[in-house]
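Each chain, written out:
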Amino acid sequence: MSENITTGEKASDLNTGGVTALDDIQISQLRTTFFWPLTLEISDRETDAAFDNAAFLQAQEKWLCPEGSPWKRVDDGLLHLPLPDPAGPASCASDGGLAAATEQNNAMALAYGEFAYFHDFVQRALFGKTGGPGAGPLRLFQRSDIRAADVKFFDWTAPRRFAVERLNLYLLSGGIAVVALQCRAEAAADLNLKDVLRFNESMRRSHIPYFANHNTTIGPRGLPDSVAWHLQDGTSCAFLPSDEGVEFRSVPAEAAPPSERKHVRTRTPYSTLLETPPEDRRILPARHWRWLLNGDEENTERMPLCAARGGFRWRHLSDDRLPLMTTVILRSRADYYALSDGHWMRLAFVEQPGKSPFPYAEAFLRNGFEGHCYDRFHHAKELEENGKPVPCTRYLMCDYAMTAVTYAEGNDYAETLEVHMQRHYYQMFLLQVIDKAMMLGLSSRITRAVARFDRTRSEPALSTGLQDIERDFLHYVHRFRFTGVSGQLQAGELYARLRGVMRLDAMFADIKSELETAVAFLSSREAERQGREARHATEAAERLNIIASLGVVIALVMGFFSMNILSTESLIEGLFKMPSPSDKPIMHVTTFGFGLLAAAGLAWILSHAIAVRTGTDHRRIRPAEAFVRRGLAVLFFLGAALASVAVWPR
C-alpha cells in the first residue's frame with residue numbers, strides 16, 4: 001500500500017493496474033493560453049540605443065500596423081480580452097439584442113473586478129493607455145480575424161477544433177514582445193485527460209525540438225501533425241508542422257509503388273544551420289507560429305524573425321516549449337479524485353501522456369512535488385458542508401506553466417475559476433513571463449556589449465552600450481518587476497509560489513551581478529585613465545615649476561648685480577686689489593663667474609628641494625631630471641672656475 005501525497009488517501013500500489021487510465025478521465029472544458037516571449041536582436045552595425053523607449057515603440061507600431069495588417073492597435077489595456085460585439089449574432093435574436101447587451105455588460109463588470117483586484121501601481125502598468133499619443137511603455141495589439149484552429153496529432157484519428165478567443169501581442173520598451181494565444185476546446189466533451197496532455201505538450205512547441213529517423217526518413221518530432229487556422233471570412237491557412245524540414249520528399253505521392261518514387265533531397269533546418277556562419281545561426285520558428293505574427297507567410301516586414309542580414313530581428317528567448325497557463329475542468333468529482341500522483345505531475349509539468357504511472361522516478365516526485373502545488377482549496381474527498389461535498393480546486397505550477405484543475409458536476413466555482421484564469425491570473429502570469437523575458441533579454445545584451453568590446457577594444461562604445469542597458473534595467477525594475485501585485489490573500493500566495501518555482505529572484509540577482517560587474521570593470525578602467533591623466537598633469541606642473549624656479553634664480557642673480565646701490569667694479573677692485581685698467585677683462589670674467597656660480601648652486605638646491613617635496617625617490621630619478629642636475633653641476637663648477645680667475649696668481 002502507498003499513500004497519495006496529494007490527498008492523503010491510502011491506495012493500492014500506483015505502479016500496478018490500480019491507476020485510472022488517462023483516457024478514462026473525461027473533460028468538461030479545456031482552455032489554454034500560450035505565451036510566446038520574443039526579444040529584439042540587432043546587428044553589430046546598430047547600437048543598444050535602438051531600444052530607446054519612444055523611438056523603438058513608434059517604429060515597431062509603424063511596421064506592425066500598416067494598411068491592411070491583421071494586427072490592430074488597442075488603446076486601453078483593460079480590453080486585453082475583447083468585449084462581446086453588441087452587433088454580433090446575439091443582437092439578431094428575437095429579444096431585440098437584449099442578450100447581447102447583457103453579455104457585454106457582464107464582460108464590463110468582470111473587467112471592473114479584474115482592475116480592482118490589483119494594487120494601483122500594477123493597475124498603471126497593465127491597464128494604462130496602451131496605444132496612441134501619450135501611451136505608456138507597454139503597447140497592446142490584437143488580431144481578431146482568426147476564429148478557430150483545427151489541430152491533429154499522430155494518435156488522433158481526426159483533427160479537433162479549438163476556438164481562438166484571444167490573440168494579443170504586447171510590445172515593451174527594452175526590445176521585448178510577448179504573443180498570447182488563448183484557445184478553447186469547442187467539443188471538450190469528446191476529450192479525455194490524455195488528449196489534454198497531448199494538446200498542451202505539443203502545441204506549445206514554437207519550433208522543431210529535434211529530428212529523428214523514422215522508416216529511413218529523417219524528420220522533425222514533437223510538433224502537431226497539422227494545424228489549420230480558420231479566418232472570420234471563411235478562408236483558412238493550413239500547415240503541416242510534422243513535415244517541415246523532412247530530408248527526403250517522395251514524388252509522386254507516397255501511395256505510389258516504391259519503384260516509381262523519385263526521392264528529392266531538400267534543404268533542411270539542420271543542414272541550413274550547419275551551412276550558416278556561426279555568428280548568424282538562428283532557429284526559425286515553425287511556420288504555423290510565424291504566420292500568427294505576419295499573417296501572409298511571405299510578409300516578414302511586420303515582425304521579422306531571424307532576418308537574413310542586418311537590421312532588426314526577433315528571436316525566441318529560450319527553448320521550443322512556450323510558457324502556458326491552462327484551465328482543466330473535469331466532468332465529475334469522481335474524475336477529480338481519480339487523478340493519481342502521476343497524473344497530477346504530468347499536468348503540472350505539461351508532460352506528454354505515457355503508459356508508466358509516473359513521468360519520472362516516483363522517489364523524485366515524492367521528494368519535491370509539494371512545492372509545485374497550491375492546495376488551499378484541494379480538500380479531502382469526504383469533506384462536506386451543509387450535506388454537500390465541498391468544491392475542490394487545485395493549482396499546479398512550474399517554471400513554465402500554471403494549471404488550474406477542478407470539476408463541473410455540482411461545482412458552482414468552476415465558472416468563477418474560468419473567469420479568474422482568463423483575467424486575474426492571466427495578468428499575474430503575464431507579468432512573470434515579462435519579468436523573465438526582460439531579464440533574459442538584458443543578459444543577452446550585456447553579453448553582446450562585452451563581446452563587441454572584446455573585438456573592438458573601444459571603451460567609449462562599451463560605456464554607451466552599458467548606459468543604454470542600465471536605462472532599460474531601471475525602467476524594467478520600476479515598471480514591470482513586482483514582488484507583490486494584490487492585497488488579496490490568495491493572490492499573494494499564488495504569486496509568491498509562482499515566482500518561487502520560476503526562480504525569478506535568483507535570476508534577478510544574477511542579472512544585476514552581470515550588469516554591476518560590467519559597469520565596475522568600466523569604472524575601474526575610467527578611474528585608471530583619470531589617474532594616468534592626473535599623474536601626467538602633475539608631472540607637467542613639476543617641470544614647469546622647475547623651469548620657473550630657474551628663471552627666478554637667474555633673475556635674482558642678475559638683479560643683484562644690476563642694483564644701483566652696489567658698484568660691481570668697486571666691489572671687485574676692493575676685494576681682489578685690481579686697481580689697474582689692464583685688469584678690467586679679468587674683473588668682468590670674475591663677475592660672470594660669480595653670477596653663474598650663484599645661479600647654478602641655487603638651481604641645484606631648488607631642484608633637490610622639489611624632489612624631496614614631491615616624494616621622489618632619489619634612487620629612481622628620471623633620465624631628464626638627472627640630465628638637468630648634471631648640467632647644473634657643470635655650470636656650478638664652471639662658475640667657480642671663472643670666479644677663481646681673480647685670485648689666480650698673475
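Residues numbered from 1 in each chain as written. Predicted model: local features only at pLDDT ≥ 70, side-chain atom pairs only at ≥ 80, totals over all residues. Heavy atoms only, no water.

### Topic: the pattern of salt bridges
Proximity of charged atoms lets side chains of opposite charge pair with each other.
Inference 1: Overall, the coordinates contain 26 salt bridges when judged by the stated rule.
Inference 2: Glu165 is the partner of Arg184 in a salt bridge, and the nearest nitrogen-oxygen pair spans 2.6 Å. Taken together, the residues Arg184 in strand β8 (residues 176-185) and Glu165 in strand β7 (residues 160-172) connect sequence positions 19 residues apart.
Inference 3: Taking relative accessible area as the criterion, Glu165 reaches 24% and is therefore assigned partly exposed.
Inference 4: Across the pair Glu201 and Arg205 runs a salt bridge whose closest N-O atoms are separated by 2.4 Å.
Inference 5: Sharing partners across several salt bridges, the network here consists of Arg31, Glu165, Arg184 and Glu418. (Salt bridge = Lys/Arg side-chain N within 4 Å of Asp/Glu carboxyl O. Helix = DSSP H or I, 4+ residues; strand = E, 2+ residues; numbered from the N terminus. Buried < 20%, exposed > 50% of the residue type's maximum accessible area, 1.4 Å probe, protein only.)

### With respect to the pairing of β7
A regular strand places its side chains on the two faces of the sheet in alternate fashion.
Inference 1: Of all the 13 residues making up β7, ten are buried; the element is thus mostly covered by neighbouring parts of the structure.
Inference 2: Relative to β7, strand β5 (residues 138-143) runs antiparallel, the two sharing five bridges. Residue pairing across strands places Phe141 opposite Leu169, the latter belonging to β7.
Inference 3: Where strand β6 (residues 146-152) meets β7, four bridges bridge the pair, whose relative direction is antiparallel. Residue pairing in the sheet places Asp150 in a bridge with Arg161 of β7.
Inference 4: Two strands pair when backbone bridges link them, and β7 and β8 are joined in this way by ten bridges, in the antiparallel orientation. For Tyr170, the partnering residue across the bridge sits in β8 and is Val178.
Inference 5: Linking β7 to β8, which pair antiparallel, is a turn of three residues; within it Gly174 sits at a positive phi near 105 degrees. (Pairing = 2+ DSSP bridges.)

### Notes on a nonpolar patch on the surface
Inference 1: Nonpolar side chains collect at one region of the surface, where Leu79, Leu83 and Met108 lie side by side and expose about 230 Å² of accessible area between them.
Inference 2: Structurally, the position occupied by Met108 is in helix α2 (residues 98-116).
Inference 3: When its relative accessible area of 45% is taken as the criterion, Met108 is described as partly exposed. (Patch = residues over 30% accessible without salt bridge, like charges linked within 9 Å, V, L, I, M, F, W, Y side chains within 5 Å. Areas by Shrake-Rupley, 256 points an atom, 1.4 Å probe, with all protein chains shown as cover.)

### Observations regarding helix α4 (residues 193-203)
Inference 1: Burial analysis of α4 places ten of its eleven residues in the buried class, the great majority of the element.
Inference 2: Within α4, burial applies to Leu193, Asp195, Val196, Leu197, Arg198, Phe199, Asn200, Glu201, Ser202 and Met203.
Inference 3: For α4, the N-terminal capping position is held by Asn192, with its side-chain oxygen 3.0 Å away from the main-chain nitrogen of Lys194. (Polar contact = N/O pair within 3.5 Å; in protein donor to acceptor, adjacent residues only side chain to side chain.)

### As for unusual backbone geometry
Inference 1: A positive phi angle is found at Arg457, which is not glycine, with a value near 55 degrees.
Inference 2: Mapped onto the fold, Arg457 is located in the loop between α11 (424-456) and α12 (459-479).
Inference 3: Its identity as a non-glycine residue notwithstanding, Arg503 has a phi of 55 degrees, on the positive side.
Inference 4: Tracing the sequence through the fold places Arg503 in the loop between α13 (489-502) and α14 (504-561).

### A word on α13
Inference 1: The end-to-end C-alpha distance of α13 is 20 Å, a good match for the 20 Å that 14 residues give at a rise of 1.5 Å each.
Inference 2: Immediately downstream of α13, the backbone of Arg503 shows phi near 55 degrees, a positive value. (Expected span 1.5 Å × (residues − 1).)

### Some thoughts on the packing of α11 against α13
Inference 1: Between α11 and α13, the shortest axis-to-axis distance is 11 Å and the interhelical angle comes to 30 degrees. Considering the angle they form, α11 stands roughly parallel to α13. α11 and α13 meet at a crossing whose hand is right-handed. Across the interface between the two elements, Tyr425, Met428, Phe429, Leu431, Gln432, Asp435 and Lys436 of α11 pack against Gln490, Ala491, Leu494, Tyr495, Leu498, Arg499 and Met502 of α13.
Inference 2: Its residues placed into classes, the contact of α11 with α13 shows nine nonpolar, two polar and three charged. (Axes fitted to C-alpha atoms, helices over the stretch in contact; angles between N-to-C directions. Parallel < 35°, antiparallel > 145°, perpendicular 65-115°, else oblique. Left-handed = near helix turned anticlockwise from the far one by under 90°. Contact = heavy atoms within 4.5 Å. Nonpolar A, V, L, I, M, F, W, Y, C, P; charged D, E, K, R; others polar.)

### Description of the pairing of strand β11 (residues 226-231)
Inference 1: Judged by how many residues are buried, β11 sits mostly within the fold: six of six residues are covered.
Inference 2: Where burial is concerned, the two faces of β11 agree: the one with Ser226, Ala228 and His230 and the one with Val227, Trp229 and Leu231 are both buried.
Inference 3: One ladder, built from six bridges, connects β6 with β11; its direction is antiparallel. By the bridge assignment for β11, Ala148 is matched with His230.
Inference 4: Between β11 and strand β12 (residues 236-239), which pair antiparallel one after the other, the connecting turn spans four residues, and Gly234 there sits at a positive phi close to 95 degrees.

### Things to note about the packing of α11 against α12
Inference 1: The interhelical angle for the contact between α11 and α12, taken along N-to-C directions, is 175 degrees, at an axis separation of 9 Å. As judged from the angle between their axes, α11 and α12 are roughly antiparallel. Contacts between α11 and α12 involve Asp435, Met438, Met439, Leu442, Arg445, Ile446, Ala449, Val450 and Phe453 from the first element and Glu459, Leu462, Asp468, Ile469, Asp472, Phe473 and Tyr476 from the second.
Inference 2: Residues of the contact of α11 with α12, tallied by class, amount to eleven nonpolar, no polar and five charged.

### A short note on the confidence of the model for the chain
Inference 1: Per-residue pLDDT for the chain has a mean of 78; in total, 69% of the residues score no lower than 70.
Inference 2: Note on residues 1-17: pLDDT under 50 across the span, and 43 contacts to partners over four residues away in sequence or across chains.
Inference 3: Here residues 247-265 is a poorly scored stretch, pLDDT under 50, and it has 24 contacts once near neighbours within four places are set aside; other chains count. (pLDDT = per-residue confidence, 0-100.)

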